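# A closer look at the structure
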Amino acid sequence: MSSDDAQQAETGAGDRDRTVRVVLVDDHRMFRTGVQAEIGRTEQTGVEVVGEAADVDQALTVITATRPEVVLLDVHLPGGGGVEVLRRSAAMMADPERPVRFLALSVSDAAEDVIGVIRGGARGYVTKTITGTDLVGAIFRVADGDAVFSPRLAGFVLDAFASTDAPPVDEDMDRLTQREREVLRLIARGYAYKEIAKQLFISVKTVESHVSAVLRKLQLSNRHELTRWAAARRLV
């Protein structure tokens, strides 16, 4: 989002007669800072950022302490991913008096990521290409109980939930965390560890740890077997 988007957000939300309290959950500090700078000008946008978190445990601590109306949640987080935050926040989401609602805000537009967090209880899913204006609008809509999706992502949800035939469950994939799935796809596409580390903003050692975990969980011996496994499931 650009500074122009921020100005548009201010113009579009300046007439709000209430404030929505928001927590930002994302493992990239600079991204959190950017979102805070653009939408957190409460007098103009009507959004008050009351807390931030970089991983699953921090998220649960901050959400429990602040009880925001909306949580902007990244899908890929250390400690189990956004789905784990949702799982551990079930009671707060179900609170009839002060429900905490979740809006996924992620760089990923993968169908399994979208479906995973919606099944987990999120009220919507938008990508990080969203403008400041639209993000403020999405926050207010989710706070009001509406469902919000980036246009092309809505089809994933319709395909998964509007049909009487539920999509098949892949028990092997379900064993992997969101970050492990991300590393799996990049390994299967032929990326070197250093390239993966650079793309995901993590260390090479962390990449190695994720690969080891994936191989162990899937009972595979090496990256060649892993690549064949991923190709068979059309994950490459």
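Our subject is the structure that appears above.
Residues numbered from 1 in each chain as written. Predicted model: local features only at pLDDT ≥ 70, side-chain atom pairs only at ≥ 80, totals over all residues. Heavy atoms only, no water.

In terms of helices and strands, the protein carries 14 helices and six strands. Here the protein, with 236 residues, has 47% of them falling under the buried criterion. For the protein, the share of sequence-separated contacts (at least 6 apart) that also reach a separation of at least 24 residues comes to 68%. Just so you have it, the protein exposes about 11800 Å², and 49% of that area is on carbon and sulfur atoms. (Helix = DSSP H or I, 4+ residues; strand = E, 2+ residues; numbered from the N terminus. Buried < 20%, exposed > 50% of the residue type's maximum accessible area, 1.4 Å probe, protein only. Contact = heavy atoms within 4.5 Å. Areas by Shrake-Rupley, 256 points an atom, 1.4 Å probe, with all protein chains shown as cover.)

We now examine the sheet that holds strand β2 (residues 47-53). As summarised here, the arrangement of the six strands in space is β2-β1-β3-β4-β5-β6, forming an open sheet in which the pairing is parallel. In this open sheet, the two strands that pair with only one neighbour each are β2 and β6 (148-149). In terms of strand pairing, strand β1 (residues 20-25) meets β2 through six bridges, oriented parallel. Each bridged residue has a counterpart across the sheet, and for leucine 24 the counterpart in β2 is glutamate 52. Each of β4 (101-106), β5 (124-127) and β6 is contacted by helix α7 (residues 111-120), which is oriented at about 145 degrees to β5, the strand it contacts most. (Pairing = 2+ DSSP bridges. Axes fitted to C-alpha atoms, helices over the stretch in contact; angles between N-to-C directions.)

Take helix α13 (residues 204-218) next. Across its 15 residues, α13 extends 21 Å between first and last C-alpha, which sits within 8% of the 21 Å expected from 1.5 Å per residue. Following α13 by one or two positions, glutamine 219 adopts a phi angle in the positive range, close to 60 degrees. (Expected span 1.5 Å × (residues − 1).)

What follows covers unusual backbone geometry. A negative phi angle is the norm for most residues apart from glycine, just as the trans form is the norm for most peptide bonds. Despite not being glycine, arginine 67 has its phi angle at roughly 45 degrees, a positive value. The residue glutamine 219 is not glycine, and still its phi comes out positive at about 60 degrees. In this structure, glutamine 219 sits in the loop between α13 and α14 (223-232).

Take empty space enclosed by the protein next. In total, this model carries one cavity of 30 Å³ or more according to the counting rule given. In this structure, the largest cavity encloses a volume near 60 Å³. Lining the largest cavity we find Leu24, Val25, Asp26, Phe31, Arg32, Val35, Leu72, Leu73, Asp74 and Leu105. Listed by contribution, the elements that provide at least two residues to the lining of the largest cavity are β1, α2 (29-39) and β3 (70-73). The biggest single contributor to the lining of the largest cavity is α2, with three residues. Here the residues of the lining of the largest cavity are counted per class, giving seven nonpolar, no polar and three charged. (1 Å grid on protein atoms, 1.4 Å probe; cavity = no way out; pocket = protein on both sides within 12 Å on 5 of 7 lines; lining within 4 Å. Points joined across faces, edges and corners; volume = space filled by probe spheres on them. Nonpolar A, V, L, I, M, F, W, Y, C, P; charged D, E, K, R; others polar.)

Turning to the nonpolar core, a few remarks are in order. With 25 residues, the main nonpolar core has Val25, Ile63, Val71, Leu73, Val85, Phe102 and Val117 as its most contacted residues. Going through the elements one at a time, β1, α4 (56-66), β3, α5 (81-88), α6 (90-93), β4 and α7 are the ones with two or more residues in this core. A per-element tally of this core places α4 first, with five residues. Every residue in contact with valine 85, bar those within four places of it in the chain, is listed here: Val56, Ala59, Leu60, Ile63, Leu73, Leu77 and Phe102. The next biggest cluster of nonpolar side chains, apart from the first, holds 21 residues, and it includes Val22, Leu103, Leu135 and Val148. (Core = buried A, V, L, I, M, F, W, Y, C linked by side-chain atoms within 4.5 Å.)

It is worth spelling out the packing of aromatic side chains at this point. In the structure shown here, the tally under the stated rule is zero aromatic pairs. Over the ring of phenylalanine 31 we find lysine 128, and its NZ or CZ is 4.1 Å from the ring centre. (Phe/Tyr/Trp six-rings, centres within 6.5 Å; stacked < 30°, edge-to-face > 60°. Lys NZ or Arg CZ within 6 Å of the ring centre and 35° of its normal.)

Direction vectors running N to C along helix α11 (residues 178-188) and α13 enclose 95 degrees, while the axes themselves pass 9 Å from each other. Taken together, the axis directions place α11 and α13 in an arrangement best described as roughly perpendicular. Across the interface between the two elements, Arg179, Glu180, Val183, Leu184 and Ile187 from α11 touch Val207, His210, Val211, Ala213, Val214 and Lys217 from α13. Here the contact of α11 with α13 is built from residues that sort into seven nonpolar, one polar and three charged. (Parallel < 35°, antiparallel > 145°, perpendicular 65-115°, else oblique.)

With that settled, the discussion passes to the packing of α11 against helix α12 (residues 193-200). At their nearest, the axes of α11 and α12 sit 10 Å apart, and the two run at 135 degrees to each other. As judged from the angle between their axes, α11 and α12 are oblique. As for how α11 packs across α12, the hand of that crossing is right-handed. Residues Arg179, Glu182, Val183, Leu186 and Ile187 of α11 lie in contact with α12, whose contacting residues are Tyr193, Ile196, Gln199 and Leu200. (Left-handed = near helix turned anticlockwise from the far one by under 90°.)

By secondary structure assignment, the location of valine 214 is in helix α13. Overall, valine 214 belongs to the buried group, its relative accessible area being 1%. Spatially, the C-alpha atom of valine 214 lies 8.6 Å from that of leucine 226, the residues being 12 residues apart in sequence. Apart from the residues lying within four places of it in its own chain, the contact partners of valine 214 are Leu176, Glu180, Leu184 and Leu226.

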